[in-house]
Amino acid sequence: MLILVTNDDGVFSPGIRALAKSLCALGRVVVVAPDRERSAVSHALTLHSPLRAEEIRPDIFAVDGTPTDCVNLGVHGLLQERPALVVSGINRGGNMGDDLTYSGTVSAAMEATLMGVPAMAVSLDGESFGSDNFNRSARLTLFLARSIVEKGLPPDTFLNINFPAAEPRGFKLTRQGKRRYGETVVEKIDPRGKTYYWLGGGEMGFDNLEGTDFHAVHAGYVSITPLHLDLTNYRSFEQLESWGLDAVTDFPAEPES
Ligand code: MN
């Protein structure tokens, strides 16, 4: 069985090394990952410049593109056969709540899902990123990968996994939580007297709601959120239908200039 491993922290990150090593117990692992850190690039796809992939070691490719590029190039170009599974991670830091919309780690799993390949995104929360924490998370990822291969995922669904910083108390099936972003722009003056800005400088919080990814991880559990790519807000239909847009036929005229 062939497993494609990628991430957004770069091909040399300790998280991807621990993950690839652990998944070898399940099949042949091919790593196709960015040649440098590409965190928070979301689902970006490189369409206007060439991509280069260097096989830095057997079955380890460093690509000068995004995580999404890596999955696309891996499945359509570099791999000789279709992978049975794509695993993205293990990210340095959690990917929960609204942060998912920025995440390169999660987007790589999305790309696999678009291609019909079972996938999961894996992240380690907290601030201690020693090899012990990555190795423990990688072992549990292997367990979850086996479950995916043996039991199969529901249609159009991939898993977003977040490990707590300490030894986990168990697994919890969760929903996506709600992030509270702080004052995130820092304004400073550079040595030549010009203003510059730095995004993401503030403290971030989250709503600690029961049943969410944040709640589970902060209670010491491994959070497993099943995700799909349908962003439709079904609960909004009733309110928006009351606008009566379907009945509008006389469109506003072009204003005379
Ligand atoms: Mn990252």
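Above this text is the structure in question.
Draft legend 1. Structural view of helix α3 (residues 104–114). The buried fraction of α3 amounts to nine of the eleven residues, a majority that puts the element mostly inside the structure. Check the buried side of α3 and you find it contacts β1 (2–6), α2 (67–78), β5 (85–92), β6 (119–124), β7 (158–163) and β13 (222–227). The N-capping residue of α3, defined by a side-chain oxygen 3.2 Å from the backbone nitrogen of T105, is S103. Phi turns positive, to about 80°, at G116, one or two residues after α3.

Draft legend 2. Structural context of the sheet that holds strand β3 (residues 53–57). Sheet architecture is open: nine strands sit in the order β3-β4-β2-β1-β5-β6-β7-β13-β8, paired in mixed fashion. Edge positions in the open sheet fall to β3 and β8 (171–173), since each of these has one partner strand only. Ignoring strand direction, the axes of neighbouring strands in this sheet form an average angle of 25°. As paired elements, β1 and β5 share four bridges and run parallel to each other. Across the sheet, residue I3 finds its bridge partner in β5, namely L85. Its contacts with the sheet place helix α1 (residues 14–23) against β1, β2 (28–34) and β5, and it is angled at close to 145° to β5. Strands in contact with α3 are β1, β5, β6, β7 and β13; relative to β6, the strand with the most contacts, it is inclined by about 170°.

Draft legend 3. Broad picture of the packing of aromatic side chains. Under the defined criterion, the tally for this structure stands at five aromatic pairs. On the basis of an interplanar angle of 10° and a centroid distance of 6.2 Å, the ring pair of Y234 and F237 is categorised as stacked. You can call Y234 exposed: its relative accessible area is 54%. Lying over the aromatic face of Y221, K172 brings its terminal NZ or CZ to 4.2 Å of the ring centre.

Draft legend 4. Seen up close, the coordination of the manganese ion. Protein-derived coordination of the manganese ion comes from D8 (OD), D9 (OD), S39 (OG) and N91 (OD1), at a distance range of 2.1 to 2.3 Å. Binding-site remark: the manganese ion is held by donors from one chain whose sequence spacing is D-D-x29-S-x51-N. D9 matches D8 in its accessibility class, with the two residues each being buried.

Draft legend 5. Highlighting the pairing of β5. With seven of eight residues buried, β5 lies mostly within the body of the structure. Summarising the sheet, β5 and β6 pair through five bridges and their orientation is parallel. Bridging from a neighbouring strand, V86 pairs with A119 of β6. The parallel pair β5 and β6, bridged by α3, forms a crossover whose chirality is right-handed.

Draft legend 6. Structural detail: the side chain of D213. Tracing the backbone through its elements, the reader meets D213 in helix α5 (residues 213–218). Buried D213, no salt bridge; nearest opposite-charge side chain is R175, N-O distance 8.0 Å. Within the structure, D213 has its side chain in polar contact with the backbone nitrogen of G97 (distance 2.9 Å). From its side chain, D213 meets the backbone nitrogen of G177 in a polar contact 2.9 Å long. When residues no more than four places from it in sequence are discounted, the contact partners of D213 are M96, G97, T174, R175, Q176, G177, S223 and T225.

Draft legend 7. Inspection of the packing of α1 against helix α4 (residues 131–151) at higher detail. The contact between α1 and α4 brings their axes to 8 Å, and the two run at 45°. Taken together, the axis directions place α1 and α4 in an arrangement best described as oblique. Crossing handedness for the pair α1 and α4: right-handed. For the pair formed by α1 and α4, the contact residues are P14, G15, A18, L19, S22 and L23 on the first element and F134, N135, A138, R139, T141, L142 and A145 on the second. Tallied by class, the residues present in the contact of α1 with α4 amount to eight nonpolar, four polar and one charged.

Rules and cut-offs
Sequence order as written defines residue numbering, which begins from 1 separately in each chain. The predicted origin of the model limits local features to residues at a pLDDT of at least 70 and limits the giving and counting of side-chain atom pairs to 80 or more, whereas totals for whole chains, interfaces and linings rest on all residues. Working from all heavy atoms in the structure, the side-chain values ignore hydrogens and water. Only protein chains enter the area calculation, which uses a 1.4 Å probe; residues under 20% of their type maximum are buried, those over 50% are exposed, and those in between are partly exposed. Numbered from the N terminus, helices here are DSSP runs of H or I no shorter than four residues, and strands are runs of E no shorter than two. Any two residues whose heavy atoms approach within 4.5 Å at even a single point are treated as in contact. Here a polar contact is taken to be a pair of N or O atoms separated by no more than 3.5 Å, where protein atoms must pair a possible hydrogen donor with a possible acceptor and residues adjacent in sequence count only if both atoms sit in side chains. Two strands qualify as a pair provided that DSSP identifies no fewer than 2 bridges between them. Axis definition: a line fitted to C-alpha atoms, limited for helices to the stretch in contact. Angles are taken between N-to-C directions and run from 0 to 180 degrees. Any pair of Phe, Tyr and Trp rings, taking the six-membered ring for Trp, is counted once the centres come within 6.5 Å. Such a pair is stacked with planes under 30 degrees apart, edge-to-face with planes over 60 apart, and tilted for the rest. By definition here, charges over rings are those cases where NZ of Lys or CZ of Arg is within 6 Å of the ring centre and within 35 degrees of the ring normal. In this listing, donors mean N, O and S atoms no farther than 2.8 Å from the metal, or 3.2 Å for Na, K and Ca; water is missing from the atoms, so a site can look incomplete. Convention used here: a crossover is right-handed provided that the path from the first strand, over the helix, to the second strand proceeds clockwise when the strands point away from the viewer. When charges are tallied, Lys and Arg are placed among the positive residues and Asp and Glu among the negative ones, while His and the ends of the chain are skipped. Just to be clear on terms, a salt bridge is a Lys or Arg side-chain nitrogen sitting within 4 Å of an Asp or Glu carboxyl oxygen. Here is the rule for angles: anything less than 35 degrees is roughly parallel, anything more than 145 is roughly antiparallel, 65 through 115 is roughly perpendicular, and the remaining ranges are oblique. In this scheme, a crossing is called left-handed if the near helix is turned counterclockwise away from the far one by less than a right angle; it is called right-handed if the turn is clockwise. Three residue categories are used. Nonpolar comprises Ala, Val, Leu, Ile, Met, Phe, Trp, Tyr, Cys and Pro, charged comprises Asp, Glu, Lys and Arg, and polar comprises the others, including Gly.

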